[in-house]
Amino acid sequence: MTGGQIALIILAVAVLLLVLFIGLFLVKLTQTLGVVTKDVDIIAREANDILANVDVLLNDVNGKVATVDPAFQAIADLGTSVSELNDATHNLTDKVRSSSSSNKTKVASAVFAANAARKNRKSAKKAAAAEK
């Protein structure tokens, strides 16, 4: 055998080994991609289940918020009414204080208005508590 033939045999063996290693690599790569594909499928199914649960939970929360909204609106309306009543009471007491005459009629009407305002406020609180 000549040197060129030996070099050709070595080259052929090297190419054969290279092809074998590339083949093994491709087999391992195919197996790994199969495992990754299965894992991605599992994760996708679990993500769909989670999204379905989130959708149900969100619908439940939206329903409960819709149920509670009227109560908060009633409380806001009551707060506005109480604030207006307090303003009216303050205005009335300021008028009574600023008047120079101490007329019993004015004082009696102020006391009457304050009592009426207090009763109105109590009934508004009771109405708000009954709405809850």
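Residues numbered from 1 in each chain as written. Predicted model: local features only at pLDDT ≥ 70, side-chain atom pairs only at ≥ 80, totals over all residues. Heavy atoms only, no water.

(A) Examining the pattern of salt bridges more closely. Summed over the entire model, instances satisfying the criterion amount to one salt bridge. Note that Asp-60 and Lys-64 form a salt bridge whose closest N and O atoms lie 3.3 Å from each other. Of the two residues, Asp-60 and Lys-64 are both situated in helix α1 (residues 3-98); the distance of four residues between them amounts to about one turn of the helix. (Salt bridge = Lys/Arg side-chain N within 4 Å of Asp/Glu carboxyl O. Helix = DSSP H or I, 4+ residues; strand = E, 2+ residues; numbered from the N terminus.)

(B) Quick peek at the UniProt feature "transmembrane region" (unreviewed entry) in the chain. UniProt annotation of "transmembrane region" (unreviewed entry) refers to residues 6-27 when read in the numbering used here. Along residues 6-27 the backbone is 100% helical and 0% strand, and the end-to-end C-alpha distance reaches 31 Å. (UniProt positions renumbered as here; feature names shortened; annotations may be inferred.)

(C) Quick look at the environment of Ala-47. Mapped onto the fold, Ala-47 is located in helix α1. A relative accessible area of 34% means that Ala-47 is categorised as partly exposed. In this structure the C-alpha to C-alpha distance between Ala-47 and Gln-5, which are 42 residues apart in sequence, comes to 62 Å. (Buried < 20%, exposed > 50% of the residue type's maximum accessible area, 1.4 Å probe, protein only.)

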